[in-house]
Amino acid sequence: MGVLLLAEVNNGELALDATAKAVTAAKLIGDVTVLCAGERAAVAGDAAAKIDGVAKVLVAEDASLGHRLAETTAALIVSLADQFDHIVAPATTDAKNVMPRVAALLDVMIISDASGVVDAKTFERPIYAGNAVQTVKTADPKVVMTIRTTGFDAAADGNDAPVETISAAQDPGLSSWVEDTLAQSDRPELTSAGVVVSGGRGVGSEDDFKMIEALADKLGAAVGASRAAVDSGYAPNDWQVGQTGKVVAPELYIAVGISGAIQHLAGMKDSKIIVAINKDEEAPIFQVADFGLVADLFDAVPELTGKL
Amino acid sequence: MKVLVPVKRVIDYNVKVRVKADQSGVDLANVKMSMNPFDEIAVEQAIRLKEAGTADEVVVVSIGVKQSQETLRTAMAMGADRALLVVAADNVETDIEPLAVAKILAKVVEEEQPGIVLCGKQAIDNDMNATGQMLSALLGWSQGTFASELELKDDAAIVSREVDGGLQTIKVSLPSVITVDLRLNEPRYASLPNIMKAKKKPLEEKTAADYGIDPTPRLEVLSTAEPAERAAGIIVGSVDELVSKLKEAGAV
Ligand SMILES: Cc1cc2nc3c(=O)[nH]c(=O)nc-3n(C[C@H](O)[C@H](O)[C@H](O)COP(=O)(O)OP(=O)(O)OC[C@H]3O[C@@H](n4cnc5c(N)ncnc54)[C@H](O)[C@@H]3O)c2cc1C
Ligand SMILES: Nc1ncnc2c1ncn2[C@@H]1O[C@H](COP(=O)(O)O)[C@@H](O)[C@H]1O
């Protein structure tokens with residue numbers, strides 16, 4: 001039996017980067033069948049079929065699967081579970097909503113945020129905001145797991161896997177979608193961007209955050225934020241990087257006016273090159289920075305944007 | 001309506017966690033323990049529901065070692081009415097897995113019949129983010145995870161959820177399990193008189209065996225290691241130097 005991988009499908013489109021990285025991890029375990037579920041999912045299914053290493057794609061389209069409500073998506077996955085030893089998904093908020101529900105329905109533990117695959121039953125995962133890495137071996141007959149995608153390169157494309165259409169499970173009718181307030185942006189997506197520029201409380205206001213955005217745009221980067229910046233209303237919640245926000249590992253991460261609390265480091269310390277700009281030379285962020293600049297951000301950031 | 005709030009005793013979020021030299025776990029000796037920060041938010045929300053007249057009783061429950069009594073007393077000092085401790089381990093190093101916690105909670109729900117369960121989104125020790133979803137599954141209830149706004153209306157709840165793309169609003173039928181995110185509210189501090197009063201509030205004690213649940217973990221922890229360290233970096237003297245270093249490194 002192989003691996004069932006729940007693809008990340010948003011509004012009918014495949015989130016290619018997250019899905020392709022999860023495929024790389026899943027391939028280490030066995031043959032990968034990708035499930036694309038949604039009100040519309042056929043286009044996503046065709047895109048998933050092109051990912052190298054995918055053996056088969058299942059497409060389930062139904063109004064009840066729109067918006068990835070946990071109850072309906074979990075019911076669908078459970079209806080397929082007999083055919084697979086492993087059920088996995090990239091560790092997005094959607095998957096974290098759905099996969100523990102699947103695990104409980106199958107009476108198995110969930111392995112959350114696996115960052116490494118040792119063998120088909122043994123995995124690594126960060127705990128305590130990444131302050132420790134556990135290696136766990138499951139005794140369960142089936143493995144249900146979310147995969148922290150920053151640890152894996154995206155599988156290439158060039159494949160042409162067969163696509164099969166399947167039907168949704170019965171809608172338990174427990175919840176319904178009301179609305180989305182989703183940020184529209186031309187910038188790259190935070191978790192897959194090559195460069196991320198993040199601002200913290202030190203930036204001081206929503207208006208001044210534009211300075212962070214200008215630097216990001218100069219670099220073709222995504223914009224991130226600390227929790228303090230989000231809580232203060234300088235930045236929207238989906239920009240939060242950290243233990244309870246997004247986990248990123250870009251080629252270049254620039255932290256501006258961020259002190260470097262452990263909960264923030266949890267979301268960015270695997271970045272390739274880290275730059276920190278902070279006026280306090282004692283700020284813990286400098287302990288993880290490759291290049292630290294002790295300076296007032298209101299001088300340094302415009303100057304940096306100008307000189308790049 | 002009764003609100004049930006599961007609260008977990010964890011290492012305080014300010015403590016620098018240390019991995020034991022023999023990789024058998026993290027050092028819990030003499031470290032400050034506190035209520036999981038997300039659970040404080042859940043307790044706060046439950047108390048607000050009571051203050052608003054929507055809820056009539058707030059019951060807190062913790063599963064783990066005896067010492068979790070402290071955590072429950074803190075919740076009662078904030079304003080919870082009574083507490084239940086389910087002892088499922090005697091060694092403070094034992095972490096009860098979300099599946100076992102959810103199974104015990106499902107039994108507690110059967111007994112208590114709450115209209116809503118408010119969990120934290122994630123315990124900051126094991127970072128599982130799973131218990132609420134698992135409980136909801138076991139009960140066959142709806143779930144509203146990562147809530148940053150919550151409004152109760154008749155037999156449903158409107159939940160605004162923090163998701164990767166921004167915010168999603170859903171309507172869940174009650175009873176429901178809601179897991180709360182950091183921006184739902186700002187938890188209150190317990191006042192000294194309330195801390196004193198909490199000592200007299202009822203705290204019932206049971207065991208996992210009383211509920212017929214075996215809390216043996218499904219995941220065997222083979223090792224707990226330090227994460228890879230980053231090589232030490234340098235402090236640059238100016239923006240110009242930063243730019244040239246970044247160019248040298250091929251980062252820009
Ligand atoms: C359960 C829990 C989960 C959490 N999850 C997250 C998470 O996911 N992500 C996250 O980021 N945090 C998280 N936090 C919060 C975290 O603990 C910190 O409070 C937060 O990261 C601090 O944000 P900050 O660095 O922007 O603010 P501060 O710590 O206030 O730092 C501001 C920095 O800006 C600098 N500064 C100020 N003015 C200037 C200037 N003019 N020029 C240059 N530098 C300046 C200061 O020197 C300071 O270092 C969490 C906390 C808890 C309890
Ligand atoms: N041992 C426990 N006792 C009480 N509540 C718990 C326990 N473990 C987890 N929870 C609840 O479940 C939430 C999520 O925890 P977790 O799934 O472990 O990340 C926590 O915020 C608590 O509300």
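All of these numbers come straight from a predicted model, not from anything done at the bench.

Things to note about the overall build of chain A
Thought 1: Secondary structure assignment for chain A yields eight helices and 18 strands.
Thought 2: Over its C-alpha trace chain A gives a radius of gyration of 20 Å, about what one expects of a compact globule, namely 19 Å for 308 residues.
Thought 3: Considered along the principal axes of its C-alpha atoms, chain A spans approximately 60 × 40 × 40 Å.
Thought 4: Taken across its 308 residues, chain A has 58% of its residues classed as buried.
Thought 5: For chain A, the exposed area adds up to about 11400 Å²; of that, 46% sits on carbon and sulfur atoms.
Thought 6: Charge-centre separation for chain A: the mean point of 23 positive side chains lies 3 Å from the mean point of 43 negative side chains.

Quick notes on helix H6 (residues 239-248) of chain B
Thought 1: All buried positions along H6 of chain B are accounted for by Val239, Leu242, Val243 and Leu246 of chain B. Along the axis of H6 of chain B, the buried positions cluster into a sector of 100°, meaning they face one direction only.
Thought 2: In the core, the buried residues of H6 of chain B are packed alongside strand S16 (252-256), strand S17 (273-278), strand S18 (291-294) and helix H8 (297-307) of chain A together with strand S13 (234-236) of chain B.

Some remarks on the interface of chain B and chain A
Thought 1: Counting residues at the interface gives 74 residues for chain B, matched by 77 residues for chain A.
Thought 2: Across the chain B/chain A interface, buried area totals approximately 6500 Å², and carbon plus sulfur atoms make up 56% of it.
Thought 3: Between the two partners, chain B and chain A, sit six salt bridges.
Thought 4: A salt bridge links Asp107 of chain A to Arg218 of chain B; the nearest nitrogen and oxygen atoms lie 3.2 Å apart.
Thought 5: Inspection of the chain B/chain A interface yields 44 residue pairs in polar contact (both at pLDDT 80 or more).
Thought 6: For the side of chain B that touches chain A, the secondary-structure elements that each account for two or more residues are helix H3 (98-112), helix H4 (131-139), strand S7 (142-153), strand S8 (156-163), strand S9 (166-173), strand S12 (219-225), S13 and H6 of chain B.

What about the nonpolar core?
Thought 1: By size, the foremost hydrophobic cluster in this structure holds 92 residues, and its most contacted members are Val34, Leu35, Cys36, Ile77, Met99 and Met145 of chain A.
Thought 2: It is H3 of chain B that provides the largest number of residues to this core, a total of nine residues.
Thought 3: Those residues in contact with Met99 of chain A that sit more than four places away from it in its chain are Leu6, Ile77, Ile87, Val88, Ala89, Ile110, Val144, Met145 and Thr146 of chain A.
Thought 4: Within the second largest apolar cluster, 39 residues are counted, among which are Ala42, Leu49, Ile116 and Leu184 of chain B.

A word on a nonpolar patch on the surface
Residue and element names in this part refer to chain B.
Thought 1: There is a patch of nonpolar side chains on the surface, built from Leu192, Ile195 and Met196 and spanning about 290 Å² of accessible area.
Thought 2: By the secondary structure assignment, Met196 is in helix H5 (residues 192-198).
Thought 3: When its relative accessible area of 44% is taken as the criterion, Met196 is described as partly exposed.

A look at the packing of aromatic side chains
Thought 1: Inspection of every chain in the model, using the stated rule, returns one aromatic pair over all chains.
Thought 2: Its end group placed over the ring of Phe146 of chain B, Lys121 of chain B keeps NZ or CZ at 5.6 Å from the ring centre.

Examining the side chain of Thr73 of chain A
Thought 1: Note that Thr73 of chain A resides in helix H3 (residues 70-80).
Thought 2: A polar atom in the side chain of Thr73 of chain A sits 2.9 Å from the backbone oxygen of Leu69 of chain A.

Concerning the site of ligand 2
Residues and elements named next belong to chain B.
Thought 1: Lining the immediate surroundings of ligand 2 are 19 residues, of which Pro6, Asp39, Ile63, Ala123 and Thr131 lie closest.
Thought 2: Interatomic distance of 2.8 Å between a backbone N/O atom of Asn129 and an oxygen atom of ligand 2.
Thought 3: Here ligand 2 has 480 Å² of accessible area as a free molecule, and 99% of this is covered by the chains.
Thought 4: Taken together, the elements giving at least two residues each to the shell around ligand 2 come down to strand S4 (57-64), H3 and strand S6 (116-120).
Thought 5: Looking at the shell around ligand 2 element by element, the count peaks at three residues for S4.

Concerning the site of ligand 1
Thought 1: Near ligand 1 there are 30 residues, and of these Arg201, Ser226, Ser259, Gln263 and Asn278 of chain A occur at the shortest range.
Thought 2: Surrounding ligand 1 are residues belonging to chains A and B, so the site spans chains.
Thought 3: Val241 of chain A has a polar backbone atom sitting 2.8 Å from a nitrogen atom of ligand 1.
Thought 4: Coverage of ligand 1 by the protein amounts to 86% of the 990 Å² it exposes when considered alone.
Thought 5: Among the elements of the structure, helix H6 (227-231), helix H7 (262-265) and H8 of chain A together with helix H1 (37-51) of chain B are those that each provide at least two residues to the shell around ligand 1.

Re the sheet that holds strand S10 (residues 132-138) of chain A
Thought 1: Strand order in the open sheet formed by four strands is S8(A)-S9(A)-S10(A)-S12(B), and the pairing between neighbours is antiparallel. Both edges of this open sheet fall to strand S8 (116-119) of chain A together with S12 of chain B, since each of them pairs with a single strand only. Strand-to-strand twist in this sheet, taken as the mean axis angle between neighbours without regard to direction, amounts to 30°.
Thought 2: Taken together, the three bridges between S8 of chain A and strand S9 (residues 122-127) of chain A define a ladder with antiparallel strand orientation. When the bridges of S9 of chain A are listed, Asp119 of chain A appears paired with Thr122 of chain A.

What about the pattern of salt bridges?
Once the charged atoms of two side chains with opposite charge are near each other, the side chains can pair.
Thought 1: Tallied over the full model, the rule gives 35 salt bridges over all chains.
Thought 2: A salt bridge links Arg227 of chain A to Asp231 of chain A; the nearest nitrogen and oxygen atoms lie 2.9 Å apart. Remark: Asp231 of chain A and Arg227 of chain A occur in helix H6; sequence separation between them is four residues, near one turn of the helix.
Thought 3: By relative accessible area, which is 37% here, Arg227 of chain A ends up partly exposed.
Thought 4: Given a relative accessible area of 39%, Asp231 of chain A falls into the partly exposed group.
Thought 5: Put simply, Glu151 of chain B and Lys153 of chain B hold a salt bridge, and the shortest N to O gap is 3.9 Å.
Thought 6: Judged by its relative accessible area of 41%, Glu151 of chain B is partly exposed.
Thought 7: Lys153 of chain B gets classed as partly exposed once you look at its relative accessible area, which sits at 44%.
Thought 8: It is possible to trace a salt-bridge network through shared partners that takes in Asp107 and Asp140 of chain A together with Lys103 and Arg218 of chain B.

What to know about the sheet that holds strand S11 (residues 203-207) of chain B
Thought 1: A sheet is described by the order of its strands in space; here 10 strands give the open sequence S13(A)-S9(B)-S8(B)-S7(B)-S10(B)-S6(B)-S1(B)-S4(B)-S5(B)-S11(B), paired in mixed fashion. Lying at the two open borders of the sheet, with one neighbouring strand each, are strand S13 (175-182) of chain A together with S11 of chain B. Between one strand and the next, the sheet's axes are offset by a mean angle of 30°, whatever the strand orientation.
Thought 2: By the bridge criterion, seven bridges tie S13 of chain A to S9 of chain B in an arrangement that is antiparallel. Note that in S9 of chain B the partner of Thr181 of chain A across the bridge is Leu167 of chain B.
Thought 3: Sitting on the sheet, H3 of chain B touches strand S1 (2-6), S4, strand S5 (82-87), S6 and S11 of chain B, and the angle it makes with S4 of chain B is about 150°.
Thought 4: Contacts from H4 of chain B reach S6, S7 and strand S10 (176-180) of chain B, with the element oriented near 175° to S10 of chain B.

Cut-offs and rules
- As a convention, each chain's residues are numbered from 1 in the sequence order in which they are written.
- Lettering for chains starts from A, numbering for ligands starts from 1, and both go in the order in which the items are written.
- Since the coordinates come from a predicted model, pLDDT governs what is reported: local features require at least 70, and pairs of side-chain atoms require 80 or more to be given and counted, while whole-chain, interface and lining totals use all residues.
- Think of the side-chain values as coming from all heavy atoms in the structure, minus any hydrogens and water.
- In DSSP terms, a helix is any run of H or I states spanning at least four residues, a strand is any run of E spanning at least two, and both are numbered starting from the N terminus.
- The atom set for the radius of gyration is the C-alpha atoms, and the globule formula is 2.2 Å times the number of residues raised to the power 0.38.
- Only protein chains enter the accessibility calculation, which uses a 1.4 Å probe; a residue is then buried when its area is under 20% of its type maximum, exposed when over 50%, and partly exposed in between.
- Each accessible area value is a Shrake-Rupley result obtained with a 1.4 Å probe; residue values ignore everything except the protein chains displayed when judging cover.
- We count Lys and Arg on the positive side and Asp and Glu on the negative side, and we leave His and both chain ends out.
- Where a charge lies is defined by one atom per residue type, namely NZ (Lys), CZ (Arg), CG (Asp) and CD (Glu).
- What the arc covers is the set of directions going from the helix axis to the C-beta atoms.
- Whether two residues are in contact is decided by their heavy atoms: any pair within 4.5 Å suffices.
- Once two parts are brought into contact, the accessible area they lose, counted with a 1.4 Å probe and summed over both, makes up the buried area.
- Any Lys or Arg side-chain nitrogen located within 4 Å of an Asp or Glu carboxyl oxygen qualifies as a salt bridge.
- Distance and chemistry together define a polar contact, namely a pair of N or O atoms within 3.5 Å, with one atom able to donate a hydrogen and the other to accept it when in protein, and with adjacent residues in sequence counting only for side-chain atoms on both sides.
- Only buried residues count toward a nonpolar core. Its members are Ala, Val, Leu, Ile, Met, Phe, Trp, Tyr and Cys residues joined through side-chain atoms within 4.5 Å.
- Residues enter patches when their relative accessible area tops 30% and they take part in no salt bridge; the joining distance is 9 Å for like charges and 5 Å for the nonpolar side chains Val, Leu, Ile, Met, Phe, Trp and Tyr.
- Stacked, tilted and edge-to-face are the three classes assigned to paired rings of Phe, Tyr and Trp, where Trp is represented by its six-membered ring and a pair needs centres within 6.5 Å; plane angles under 30 degrees give stacked, over 60 edge-to-face, the rest tilted.
- Cation placement over rings: the criterion is NZ of Lys or CZ of Arg within 6 Å of the ring centroid and within 35° of the ring normal.
- One heavy atom suffices: a residue is near a molecule or strand as soon as one of its heavy atoms comes within 4 Å of it.
- Two strands qualify as a pair provided DSSP detects at least 2 bridges between them.
- Helix axes are fitted only over the stretch in contact, all axes being lines through C-alpha atoms; the angle between N-to-C directions runs from 0 to 180 degrees.

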